[in-house]
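Next come the chains, spelled out residue by residue.
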Amino acid sequence: MDSIEIDGGIPLRGEVRVSGSKNAALPQLCAALLAPGKSTFLEVPDLADVRTMGRLFANMGAKTTRDEGAPGNGHTLHVDAAGLDNPEAPYELVKTMRASVLVLGPLVARMGRARVSLPGGCAIGARPIDQHLKALTTLGAQIELTHGYVEARLGPSGRLRGALVLFDLPTVTGTENLMMAASLADGETTLENCAREPEVVELARLLIAMGAQIEGAGTSVITIQGVRELKAITHTVAPDRIEAGTLLAAAVITGGDVLVRRAREQDLEAALKKLREAGATITPEGDGLRICAPERIRAVDLVTAPFPGFPTDLQAQLMACLSVAEGTSRVIETIFENRYMHVQEMSRMGADIAVDGHTAVVRGVARLQGAQVMATDLRASASLVLAGLRAEGTTTVHRVYHLDRGYEALEKKLQGLGARIRRVKGV
Ligand code: EPZ
């Protein structure tokens, strides 16, 4: 297993380009299963999760091929779903990537049946999919849970039928799954209490380009008029707002001055508000955002929430920044029940953080010390890299396969900003 070594204390300077969005690309690739033909996706990030999705599709008879892009400019991925013949997502693939659940809606809608392994929990929480299943049942799917698999099939009508679906809570992939399924249903579907994330809006835009009739994406009520067939398309994946936020946080924790290219103000309003409150200056420049940070930021409180609230996927990264802020911050994680796995690792670097249930009290310290630390999940591993950028001495982050799931060559991007960071190939 690879690890990443960082010699901290260098303020980051220069410009860096954000890759395509993991959480936009994954549902969009699944949407390609809805159309009998070859769809093409540009600016697809080269990530472990994307490669896993490709293996999943191959297993289902949907051929995926990749054109190598210019380095750092993403890759082009072709998904030919004409030959889709096996509606199964097996345990050995689903257990490595929960987002596999996003094939459920498309398979039921396109093939009338699906056998998808239950994703099970992960480091940050139980991650149930009850909302997905309840909503698909409302559209007429017959669903059974047998031997750890979701077995879904259509009723005698042979097609999902439009209905009113009320989610108990805003779920990102739940909203995405149902938008895809309802696109081929018979009649009108109204989804209420939807997630409003930019990735949901992106997916709706793609589905509409494929011929779907969708209104309201980005609000909590989405209406879909089912159509008979969708067509394959060519689509460019939008920049990754969480990677952009992570790179902005890297500039903040090192007191740097960085232009994050392709960072978009409208995707990150809540996070930018907190970074500005903490003392960073952030201004639009070219196609991105320039951030200039003081040597030491002020403490701020933050509460994670569904979009447009502060994104849970940036909580660990901001906590790293707050661990060396002037003052005490309160962080409240409201989305996942166990998303503080980075705290004990940061404490080994000298951070002073006390967790009590969903609340973490972060007392800013003057300095962090480099240490050996263990990555536990995707965003926790990013936060440990950030802490290492600030710490005195050398930090080694182990198990960076977590990082590789969601960041394309992060250490190369940080090297380009002057960081002394290197990947150590594992045995
Ligand atoms: C998406 O996960 C993202 N993943 C996550 O990013 C992100 O943290 C999360 O949304 C919240 O923004 C992708 O888009 C691939 P949810 P998702 O369903 O859809 C509960 C990353 O780091 N819930 O919005 O799985 C759930 O337990 C990843 O890139 C149910 O109870 O999240 C959680 O508490 C991590 N039942 C809350 O809702 C359900 O059926 C929000 O989860 C579904 C969800």
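Whatever comes next refers back to the structure up there.
I will try to describe carefully the structure that is included in this document. (Residues numbered from 1 in each chain as written. Predicted model: local features only at pLDDT ≥ 70, side-chain atom pairs only at ≥ 80, totals over all residues. Heavy atoms only, no water.)

**So, the site of the ligand**
Neighbouring the ligand are 21 residues, the closest being Gln131, Thr171, Thr173, Asp313 and Ile335. At 2.6 Å, a side-chain N or O of Thr173 approaches an oxygen atom of the ligand. For the ligand, whose unbound accessible area comes to 830 Å², protein coverage reaches 87%. Those elements giving two or more residues to the shell around the ligand turn out to be helix H1 (22–31), helix H5 (130–138), helix H6 (172–183) and helix H12 (378–390). The element that contributes the greatest number of residues to the shell around the ligand is H5, accounting for three residues. For the shell around the ligand, a count of residues per class yields nine nonpolar, six polar and six charged. (Near = heavy atom within 4 Å. Polar contact = N/O pair within 3.5 Å; in protein donor to acceptor, adjacent residues only side chain to side chain. Areas by Shrake-Rupley, 256 points an atom, 1.4 Å probe, with all protein chains shown as cover. Helix = DSSP H or I, 4+ residues; strand = E, 2+ residues; numbered from the N terminus. Nonpolar A, V, L, I, M, F, W, Y, C, P; charged D, E, K, R; others polar.)

**Quick look at the sheet that holds strand S5 (residues 75–80)**
On the basis of which strands lie adjacent, the open sheet formed by four strands has the order S4-S5-S3-S14 and mixed pairing. Both edges of this open sheet fall to strand S4 (63–67) and strand S14 (234–236), since each of them pairs with a single strand only. The average undirected angle you get between the axes of adjacent strands in this sheet is 20°. Examined bridge by bridge, strand S3 (residues 38–44) and S5 share five bridges and lie antiparallel to one another. When the sheet's bridge partners are listed, Lys38 is paired in S5 with Asp80. (Pairing = 2+ DSSP bridges. Axes fitted to C-alpha atoms, helices over the stretch in contact; angles between N-to-C directions.)

**Quick notes on the environment of Asp257**
Structurally, the position occupied by Asp257 is in strand S15 (residues 257–261). Spatially, the C-alpha atom of Asp257 lies 9.7 Å from that of Ala280, the residues being 23 residues apart in sequence. Non-local contacts of Asp257, meaning those with residues more than four positions away in its chain, are made with Leu12, Arg13, Gly14, Arg290, Ile291 and Cys292. At 2.8 Å, the side chain of Asp257 and the side chain of Arg290 are in polar contact. (Contact = heavy atoms within 4.5 Å.)

**Section: the nonpolar core**
Core analysis: the largest hydrophobic core is formed by 74 residues, its most contacted members being Phe57, Val103, Met179 and Leu207. Residue contributions to this core peak at six residues, all from H1. In this structure, Phe57 is in contact with Leu29, Cys30, Leu33, Ala62, Thr64, Val79 and Val103, ignoring residues within four places of it in sequence. One finds Val252, Ala320, Val324 and Leu410 within the second-largest nonpolar core, a separate group that totals 71 residues. (Core = buried A, V, L, I, M, F, W, Y, C linked by side-chain atoms within 4.5 Å. Buried < 20%, exposed > 50% of the residue type's maximum accessible area, 1.4 Å probe, protein only.)

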